[in-house]
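Tertiary structure, described
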Amino acid sequence: MAEAYTTPDTGRQQSLLPDLTKIRGAALPIAAIGLIGLVLGLLLDRSEGHRAFWASYYFGYMVAMALTLGCTTLLFLHHCVRGSWGLAILRILEAGTKMLPIMFVGMIPILYGVWTGQIYPWANEAERNANEVFRHKALYLNPLWFTIRQVVYFVFWIWATGELRKSSLKQDQTRDETLAQQRGSFAAPFGVVHVVLVTFAYTDWLMSLTEWFSTLYGVWNITKNVLLTLAFSTYIVLKFRDRKPYSEIVTPALARDLGNMILGFTMFWGYTSLSQFLIIWSANLPEEVTFYGARADGALVYVGAFLIFGHFFGPFLALITGRTKRTPDILQKVCGWLIVVRIIDTWWDIVPFFGRRLTGPDLPGLALDLAALAGFGGVWVAVTMANLKKESLYPAHDPRLIEAKELAAHGAH
Amino acid sequence: MHTEGNVLVQSPIYGVIAEFHDPDMLMSAAERAREAGYRRMDAYSPFPIHGLAETIGFEDARIPWLAFGGGIFGAVSGFMLLTWVSVIDYPWNVGGRPLLSWPQFIPITFECTILFAALTAFGSQFFLNGLPKPYDPIFNARNFDRASQDGFFLCIEAEDMKFDVEETQAFLRTLGADDVSPVER
Amino acid sequence: MATRPLTGGSGSGTTPPAAPPPLRNRLVPQNFIDGTHNYETITDIIGAVVLSPRPPMIWFIMVGLGFIGLNFMLLAITWLLLQGIGIWGNNIPVAWSWDIVNFVWWIGIGHAGTLISAILLLMRQQWRNSINRFAEAMTVFAVMCAGLYPLLHTGRPWVDYWLFPYPNILAMWPQFRSPLCWDVFAVTTYFTVSVLFWFLGLIPDIATLRDRSTSKFAKFAYGLAGLGWKGSAKHWFRYEQSYNILAGLSAPLVLSVHTIVSFDFAVGIVPGWHTTIFPPYFVAGAVFAGFAMVLTFGLPLRALYGLKDFITDKHIDWMAKITLATGLIVFYGYILEMFYGWYSGNVYEMGLVYHRLFGPYKWFYYALLFCNGVWPQFLWSPAIRRNMPFLWVTSIVIGIGMWLERFVIIPVSLTRDFLPSSWGSYSPTLWDWMLFLGTMGFFTFLLFLFVKFLPMINIFEMRDLHYRYTGGHGNGNGHNGNGNGHNGNGDHATDGEKVLTNQERSALPETRGGSA
């Protein structure tokens, strides 16, 4: 590990904490405006079964969910392999997983929708009776089972991430290396269960919105979540690299590791996206190809085309050079860009499930989408920043960071 | 190399070589030789030592760019081949798919990209290093078979402006070399 | 040469003990070379496998067995060329069977080599250094075995060059929209790049052998193959650039190859073939089988040639863990295939689920679940990861399981077409068996020839590893830390990121030159 970007000067250097308060302060009103807008939208929404409202709600909710589950996945991954890429962002990941209970609260309106026959065709009796496939799936896709599954998912996530968080904080105090080993032994089976649960969760939440199915969908969504979370946490860490304590631990080596992780997941996103598209496009089966048919309808096809270049080729070419990963300013910009394209991609994935297109009558829905994004995104950022402030901003127990800090201090005089 | 009358005569001495038993000593010797003003030199080691090439004043960033160019060439030529064949030269309806089935052209385009980039990276390494080269005067150096095992060598070449067989040998001895000797061409 | 005093040790007295390596270097995982070594002993031990005048008896036995297998293969191919592929068991509707099963199986085995060499290099996992050479050789040989099958399956192998796009008097081009055509490009590229990567890695070690061998012929042969490598710093610089680029290219390449192999099936609409999880699931399966194969051959060779100091228990543990992880991904794929087969509500997909679970080939499916789903779960236990005989048996079980997986996917899916009138069955013939066993012999033969004539561990990278940790002072203080740092509890979370304990760190002298 090489020295930190900035020479730490304990006397004058600013702490990160006031910045976090500032971000939280800015995010709260945005969240409030967004949520108010969302409620107004619900009241104004005249579409059948409030489809327009639900489309926006799902979009906002799923962006926040992507961050939350991305943090969860990366937390398991970090403790399992103990890669040094996770050191600087570990506390952000832990704070992000604290959003899980709030995300469950956000699930309650969805459960209400399910029990009242809205949102999902399988939950609506008339639609179910008209469709043989949904009758077949009713064994699995019915309101009761759906609700039970949601409880199982969230109980597991909240419990497993809580255990890892507690252990990591405890080690900050006790410096007991066996705790790290314990986390390693638990994170592996947690991760195995987690991957299965996320797969079924996205089947419940999104895939079952239509008749469409794809076995890759779970893996695809895990990748997307991780990519968004990596971009977000790297952005935070780099933006505040001159603030304590990041100034002491965020080294070019750590940034390069994170940059490589982002590159890897960008490539894997491209790989899974292409694989799914190519298989479905080539086979051209009527029950599968509807997914891309809806997303290539009208102007939406341009969004898809933009994503190929903006989400894959652009970031890929930027990240493949060593210069980007060596230059924190550029890497930070790439992360910011990735956050934006991830949100656009989430929109492109979710909104067409509800029959929305990019044509005249559907355009007012965009305002509602923005409100939902502001609402859920604002809440997520505000709560996470508040949670981040509560604990030490980096895992103080990790010997690799101790080493890095010593080196940084050594270089100072 | 110099001329005597009209005849080009090579000096019988290729350079002066010093042997070390430790990579760190080789590194510091190379640093000192640079500081002393020597420019034409090369170091020999049984494994790559990071920073050694830079220390003897060597820099070359061509290979990554060449490989990148190879990749671009592969991608463009691969995609053009597929498009030209499928759309222009041999238009053939396959399962009702469009002639320009670009999603199905991606795999081959990708393989061509990798193939040409890899061939370029591999080939340019040999080309720029001047390999294969079965005979090299440096092989005449005393004990040079250790350079592929556990010996670390620094050779200051006769073409260096500052080179003088005796002086340079004396200089190298001050660097803590185990053995210093001239290398015949 | 052997009389020359060792120069690597710090005990040589005349020279002052050199400064300890910079602090940065001590962060390198230290337990990937066990025992006490210096540059000379590393070169000696690994080089001796090649340069010793007489290989052990078991080597002759293995090469002999391989040679017998090779002859079976040649016999099977000759008869095939004379008779045509009617001698095999595949027939409509099962047009693809053992030939494609074995193609996928072999090429998957090759993938572990590329993964170990390229991806672990990019991830800066230094434990790869002692197994990459051997695994790369496996890649090259496995791809040779794999490529044989589709080439023979074309029916007229003598016109196989038609597979490539070249201007010809037939006025014909390959059908570029077919995944089979993508395979031609993928496998050729993969073979080419694997050979280049392998050869590039070998050059410095061939130079070592050139300088160490005593027989005139060996000196000449290695001198020719070494291309005049002299270890110049300038050459190393370009060499590393080139090597890293090849690694960077190989990593996506290896993914693409098995992805394209999976497209052979997934792009079609046969139930059991057409599913979107196939690309990552095939890649994971390939790595799973490949690591198992590295263990199958690596464990006996390590014992046979006394290479325990270089291929340490730690390496074995890591390989077992990766085997477990990829095995879990494969098992995840089985769950998805079953679940979404039912979930789709599509009668053909559901029919496939039923066929696999209760059809005439159900025992193959249950055996597959046992071999790939149940048995590898033993690897969760650290004690079992240290138990070499058990691990070896596990690697065999996985090899069988992955073969069964391809069998269940390829011919078994084909026995059930959309119309019951087109249903069929499949059983292999003697010639199927002979060709398969023959390729195994061919593989074994090549692998043991490789072990005899080329260094199976990358010598220069081991020297580099040795330097990075000890600064080259093999007999000095450096390796003492090795013993207590690792002391065989060998499991756990410190993997690959081993750091010195506080006590060890405080015992080390100050950073050299304050350059940090």
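This part covers the domain arrangement of chain B. Under the domain assignment, chain B is made up of domain 1 (2–60 + 152–184) and domain 2 (62–128). Computed from C-alpha coordinates alone, the two centres of domain 1 of chain B and domain 2 of chain B are separated by 45 Å.

On to the pairing of strand E4 (residues 41–44) of chain B. All names here are of chain B. Here E4 shows no split at all, with Met41 and Ala43 on one side and Asp42 and Tyr44 on the other all buried. Note: E4 against strand E5 (residues 152–157), four bridges, orientation antiparallel. Looking across to E5, one finds that tyrosine 44 is bridged to phenylalanine 153.

This brings us to the environment of B:Asn140. All names here are of chain B. By secondary structure assignment, the location of asparagine 140 is in the loop between helix H4 (102–129) and E5. With 24 residues separating them in the primary sequence, asparagine 140 and phenylalanine 116 have C-alpha atoms 37 Å apart. In contact with asparagine 140, not counting residues within four places along its chain, are Tyr135, Val183, Glu184 and Arg185.

Turning to the side chain of C:Arg210, a few remarks are in order. Assignment of secondary structure puts C:Arg210 in helix H6 (residues 179–212). What C:Arg210 contacts, discounting residues up to four positions off in sequence, is B:Phe139, C:Lys219, C:Tyr222, C:Gly223, C:Gly228 and C:Trp229.

As enumerated under the stated definition, the model contains 101 aromatic pairs over all chains in all. With centroids separated by 6.5 Å and ring planes inclined at 45°, the aromatic side chains of A:Phe76 and A:Phe156 adopt a geometry described as tilted. Highlighted residues: A:Phe76 in helix H2 (residues 51–81) and A:Phe156 in helix H7 (residues 143–174), separated in sequence by 80 residues. One exposure class covers both A:Phe76 and A:Phe156, and it is buried. Ring geometry for A:Tyr140 against C:Trp342: centres 6.5 Å apart, planes inclined by 80°, an arrangement best described as edge-to-face. Taken together, the residues A:Tyr140 in the loop between helix H6 (132–137) and H7 and C:Trp342 in helix H10 (residues 313–343) connect one chain to another. For C:Trp342, a relative accessible area of 25% corresponds to the partly exposed category. Aromatic ring contacts, followed pair by pair, group C:Trp98, C:Trp105, C:Trp106, C:Phe297, C:Tyr361, C:Phe364, C:Trp403, C:Phe407, C:Tyr426, C:Trp433, C:Phe436 and C:Phe443 into a single cluster. Here A:Arg149 stacks its cationic end above the ring of A:Tyr140, 3.7 Å away from the centre of that ring.

With that settled, consider the packing of helix H5 (residues 132–153) of chain C against H6(C). Residues and elements named next belong to chain C. Taken N-terminus to C-terminus, the directions of H5 and H6 make an angle of 150°; their axes are 10 Å apart at the nearest point. As for the relative orientation of H5 and H6, their crossing is left-handed in sense. In contact with Arg133, Glu136, Ala137, Thr139, Val140, Phe141, Val143 and Met144 of H5, H6 contributes Val187, Tyr190, Phe191, Ser194, Val195, Phe197, Trp198, Gly201, Leu202 and Asp205. Here the residues of the contact of H5 with H6 sort into twelve nonpolar, three polar and three charged.

On the side of chain C, 63 residues touch chain B, which itself brings 72 residues to the contact. Note on chain B versus chain C: buried area summed over both sides is about 6,200 Å², and carbon and sulfur give 63% of it. Inspection of the region where chain B meets chain C yields two salt bridges. Residue C:Arg238 pairs with B:Asp60 through a salt bridge whose shortest N-O separation is 2.8 Å. At the surface where chain B touches chain C, the tally comes to 21 residue pairs in polar contact (both at pLDDT 80 or more). The set of elements that each furnish at least two residues to the side of chain B that touches chain C consists of helix H1 (23–35), E4, helix H2 (52–55), helix H3 (62–89) and H4 of chain B.

On to helix H4 (residues 100–115) of chain A, then. Residues and elements named next belong to chain A. Given a rise of 1.5 Å per residue, 16 residues ought to cover 22 Å, and the 22 Å separating the end C-alpha atoms of H4 matches this to within 8%. Along H4, the helix axis deviates most sharply at isoleucine 108, where the bend reaches about 25°; the proline proline 109 sits within four residues downstream. Leu100, Met103, Gly106, Met107, Ile110, Leu111, Gly113 and Val114 are the residues of H4 that are buried. Buried residues along H4 sit in contact with H2, helix H3 (90–97), H7 and helix H8 (177–205).

Turning our attention to the interface of chain B and chain A. With eight residues of chain B at the interface, the matching set in chain A holds seven residues. Around 640 Å² of area is buried between chain B and chain A when both sides are counted, 80% of it from carbon and sulfur atoms. When the buried surface of chain B facing chain A is broken down by residue, B:Arg97, B:Pro103 and B:Gln104 rank first, second and third, together holding 56% of it. The interface formed by chain B and chain A contains zero salt bridges. The interface formed by chain B and chain A holds two residue pairs in polar contact (both at pLDDT 80 or more) in total.

Bringing the confidence of the model for chain B into the picture now. Caution is warranted with low-pLDDT regions, since their predicted coordinates should not be read in detail. In the predicted model, chain B carries a mean pLDDT of 84, and the fraction of residues at 70 or more is 95%. Complex prediction metrics read pTM 0.87 and ipTM 0.91.

Parameters and conventions
Residues numbered from 1 in each chain as written. Chains lettered and ligands numbered in written order. Predicted model: local features only at pLDDT ≥ 70, side-chain atom pairs only at ≥ 80, totals over all residues. Heavy atoms only, no water. Domains from an automatic or database assignment. Buried < 20%, exposed > 50% of the residue type's maximum accessible area, 1.4 Å probe, protein only. Helix = DSSP H or I, 4+ residues; strand = E, 2+ residues; numbered from the N terminus. Pairing = 2+ DSSP bridges. Contact = heavy atoms within 4.5 Å. Phe/Tyr/Trp six-rings, centres within 6.5 Å; stacked < 30°, edge-to-face > 60°. Lys NZ or Arg CZ within 6 Å of the ring centre and 35° of its normal. Axes fitted to C-alpha atoms, helices over the stretch in contact; angles between N-to-C directions. Left-handed = near helix turned anticlockwise from the far one by under 90°. Nonpolar A, V, L, I, M, F, W, Y, C, P; charged D, E, K, R; others polar. Buried area = accessible area lost by both parts, 1.4 Å probe. Salt bridge = Lys/Arg side-chain N within 4 Å of Asp/Glu carboxyl O. Polar contact = N/O pair within 3.5 Å; in protein donor to acceptor, adjacent residues only side chain to side chain. Expected span 1.5 Å × (residues − 1). Bend = angle between axes of the 7 residues up to and from the residue. pLDDT = per-residue confidence, 0-100.

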